2 protein chains.
Amino acid sequence: MANRLTDLEGAALAEIAKRGAATSYAVAQAFAGSPSEFWSGSAGAVYPMIKRMAARGLLNSETALTGKRPSQTYCLTEQGVTALHGWLLDCERAAGLGFDPLRTRLVHLHLVPVAQREQFLAGVRSQFAQRTAKDAFESQPLSRKVHQTWLRARAQWLGMLDQLIE
Amino acid sequence: MANRLTDLEGAALAEIAKRGAATSYAVAQAFAGSPSEFWSGSAGAVYPMIKRMAARGLLNSETALTGKRPSQTYCLTEQGVTALHGWLLDCERAAGLGFDPLRTRLVHLHLVPVAQREQFLAGVRSQFAQRTAKDAFESQPLSRKVHQTWLRARAQWLGMLDQLIE
DNA sequence: ACAATCATGTAAGCAGTTACATGATTTT
DNA sequence: AAAATCATGTAACTGCTTACATGATTGT
């Protein structure tokens with residue numbers, strides 16, 4: 001098997017596939033506009049990554065010269081489609097725990113007194129409610145449903161936590 | 001405010017605080033034994049990170065020379081305790097989404113036909129069930145409860161996903 | 001005694017970050 | 001025409017990874 005895709009690479013391929021063809025800028029924008037703040041979608045990450053994947057034969061680049069400054073538009077090669085499917089349908093990785101900033105903290109919360117634990121949990125809930133309210137107005141066509149069920153499941157979990165902090 | 005801790009640094013401080021004092025090796029072991037696979041707990045990450053925090057004045061190091069090879073044991077300074085609490089009780093960061101390999105994939109799952117989506121979801125559920133069974137036998141004294149409620153919430157979410165993939 | 005494992009690191013590489021540079025377009 | 005924003009990158013830095021080196025201890 002060829003070199004496995006990183007999650008950022010996989011997500012980038014998916015963004016390009018969704019659009020049929022895209023520039024690095026468009027991909028970066030997609031990440032920057034995502035409700036997840038895990039990837040910043042910085043140019044310094046995206047442009048070199050796309051280039052890398054083109055060099056690996058996963059993307060075809062077409063130079064668009066519409067009178068102005070040259071620009072690269074990319075679309076998936078057959079290899080690229082295979083790689084994308086390999087990443088997208090990888091059950092083992094998908095079943096992993098990933099990184100959860102709340103879980104990471106909760107397992108150590110016994111280090112502070114109960115009053116502070118309660119205050120912390122209240123703060124998290126408040127922040128989370130704010131986020132949920134804001135995200136309700138996000139556009140994000142189909143991925144929105146995914147995001148919203150995720151938020152709902154998260155809210156349920158937040159409701160289960162009182163028993164843990166005492 | 002001084003330099004904010006990374007999540008790995010915060011978690012490391014918490015591990016040391018829990019033990020009162022610890023070597024880099026012990027911290028690395030704690031990460032390696034965690035049910036989350038997000039951090040490998042490699043020596044190459046942990047040893048330099050602990051050193052960095054000692055240089056920043058968050059940790060006191062004591063050289064233990066029990067006849068054999070010298071070894072550093074660390075414990076938190078007052079500054080270290082402050083930094084740990086700042087990290088641990090940071091509601092804003094705790095309320096973030098983090099990185100979820102399943103969510104990341106789900107938002108792009110419409111790129112493949114329904115049959116494959118169903119197969120994928122079944123695979124994820126199977127993998128997840130395996131993990132849950134395995135984790136049930138993990139020791140992890142108090143953090144276990146956190147982990148288990150997390151797994152349960154996750155399982156509930158997995159149950160909500162059928163509606164999304166059709 | 002030898003092998004396996006425990007323990008303490010270092011070195012090189014890689015994938016992200018922020019910050020910068022610069023060209024083109026749009027707004028005022 | 002000037003300022004703001006859109007767009008295409010590059011450069012330096014950081015924090016993690018894998019892989020290695022090596023010393024000490026334990027098991028057979």
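Residues numbered from 1 in each chain as written. Chains lettered and ligands numbered in written order. Predicted model: local features only at pLDDT ≥ 70, side-chain atom pairs only at ≥ 80, totals over all residues. Heavy atoms only, no water.

Student: Help me understand the packing of helix α2 (residues 24-32) of chain A against helix α3 (residues 43-55) of chain A, please; the structure alone is not making it clear to me.
Tutor: Helix packing geometry: the angle between the two helix axes and the distance between the axes. Residue and element names in this part refer to chain A. At a minimum axis separation of 9 Å, α2 and α3 run at an interaxial angle of 130°. With respect to each other, α2 and α3 are oriented oblique. Like other packed secondary-structure pairs, α2 and α3 cross with a definite hand, here right-handed. Contact with α2, carried on its side by Ser 24, Tyr 25, Val 27, Ala 28 and Phe 31, involves Val 46, Tyr 47 and Ile 50 of α3 and no other residues of that element. Of the residues contributing to the contact of α2 with α3, the split by class is seven nonpolar, one polar and no charged. (Axes fitted to C-alpha atoms, helices over the stretch in contact; angles between N-to-C directions. Helix = DSSP H or I, 4+ residues; strand = E, 2+ residues; numbered from the N terminus. Parallel < 35°, antiparallel > 145°, perpendicular 65-115°, else oblique. Left-handed = near helix turned anticlockwise from the far one by under 90°. Contact = heavy atoms within 4.5 Å. Nonpolar A, V, L, I, M, F, W, Y, C, P; charged D, E, K, R; others polar.)

Student: Help me understand the protein's contact with DNA strand C in this model?
Tutor: Neighbouring residues of DNA strand C: 19 residues in total, closest A:Ser40, A:Lys68, B:Tyr25, B:Arg69 and B:Ser71. One nitrogen or oxygen atom from the main chain of A:Ser40 is found 2.6 Å from a phosphate oxygen belonging to DNA strand C. Between B:Tyr25 and DNA strand C, the recorded distance is 3.4 Å, taken from a side-chain N or O atom to a phosphate oxygen. Breaking the surface near DNA strand C down by element, the ones donating at least two residues are α3 of chain A together with α3 (43-55) and β2 (71-76) of chain B. Among the elements that line the surface near DNA strand C, the one with the most residues is α3(B), at four residues. Looking at the surface near DNA strand C, its residues break down into six nonpolar, eight polar and five charged. (Near = heavy atom within 4 Å. Polar contact = N/O pair within 3.5 Å; in protein donor to acceptor, adjacent residues only side chain to side chain.)

Student: Just to check I follow, could you spell out the pattern of salt bridges for this structure?
Tutor: Close approach of charged atoms allows side chains with opposite charge to pair. For the structure shown, the criterion picks out 20 salt bridges over all chains. We note a salt bridge from A:Arg105 to B:Asp7, for which the minimum N-O separation is 3.2 Å. Of this pair, A:Arg105 sits in helix α6 (residues 101-106) while B:Asp7 sits in helix α1 (residues 7-19), on two different chains. One salt bridge connects B:Arg4 with B:Asp90, and the closest N-O pair in it is separated by 3.5 Å. Residue B:Arg4 is located in the segment before α1, and its partner B:Asp90 is located in the loop between α4 (78-88) and α5 (91-94); the two are separated by 86 residues in the primary sequence. The network of salt bridges with shared partners includes A:Asp7, A:Arg93 and B:Arg105. (Salt bridge = Lys/Arg side-chain N within 4 Å of Asp/Glu carboxyl O.)

Student: Where do I start with the domain arrangement of chain A in this structure?
Tutor: How big an interface is tends to be expressed through the accessible area that disappears when the partners come together. Taken domain by domain, chain A holds domain 1 (7-94) and domain 2 (101-164). Between domain 1 of chain A and domain 2 of chain A, the C-alpha centre-to-centre distance is 30 Å. (Domains from an automatic or database assignment.)

Student: So what exactly am I meant to see when it comes to the relation of the copies chain B and chain A here?
Tutor: These two copies of the chain differ by a rotation about an axis and a displacement along the same axis. It takes a turn of 180° to lay chain B on chain A, together with a shift of 0.0 Å along the axis; the resulting RMSD is 0.0 Å. A rotation of that kind, with that shift, is consistent with a two-fold axis. Closest approach to the rotation axis within chain B is made by the C-alpha atom of B:Phe99, at a distance of 2.5 Å. The fraction of interface residues of chain B whose copies in chain A are also interface residues reaches 100%, indicating that both copies meet through the same surface. (Least-squares fit on C-alpha atoms with pLDDT ≥ 70 in both.)

Student: Quick question: what am I supposed to make of the protein's contact with DNA strand D here?
Tutor: Taken together, 19 residues surround DNA strand D, and among them A:Tyr25, A:Arg69, A:Ser71, B:Ser40 and B:Lys68 come closest. Counting only the atoms of DNA strand D that lie within 4 Å of the protein, the sugar and phosphate share comes to 65%. Between DNA strand D and B:Ser40 there is a distance of 2.8 Å, counted from a phosphate oxygen to a backbone nitrogen or oxygen. Broken down by secondary-structure element, the contributors of at least two residues to the surface near DNA strand D are α3 and β2 (71-76) of chain A together with α3 of chain B. A per-class count over the surface near DNA strand D returns six nonpolar, eight polar and five charged.

Student: So what exactly am I meant to see when it comes to α1(B) here?
Tutor: Three or four residues apart is the spacing at which side chains of an α-helix point the same way, because the helix has 3.6 residues per turn. Residues and elements named next belong to chain B. Taking 1.5 Å per residue as the helical rise, α1 with its 13 residues ought to reach 18 Å, and the 19 Å between its terminal C-alpha atoms agrees with that figure. Most of α1 sits out of view: ten of its 13 residues are buried. Of the positions making up α1, those classed as buried are Asp 7, Leu 8, Glu 9, Gly 10, Ala 11, Ala 12, Leu 13, Ala 14, Glu 15 and Ile 16. (Expected span 1.5 Å × (residues − 1). Buried < 20%, exposed > 50% of the residue type's maximum accessible area, 1.4 Å probe, protein only.)

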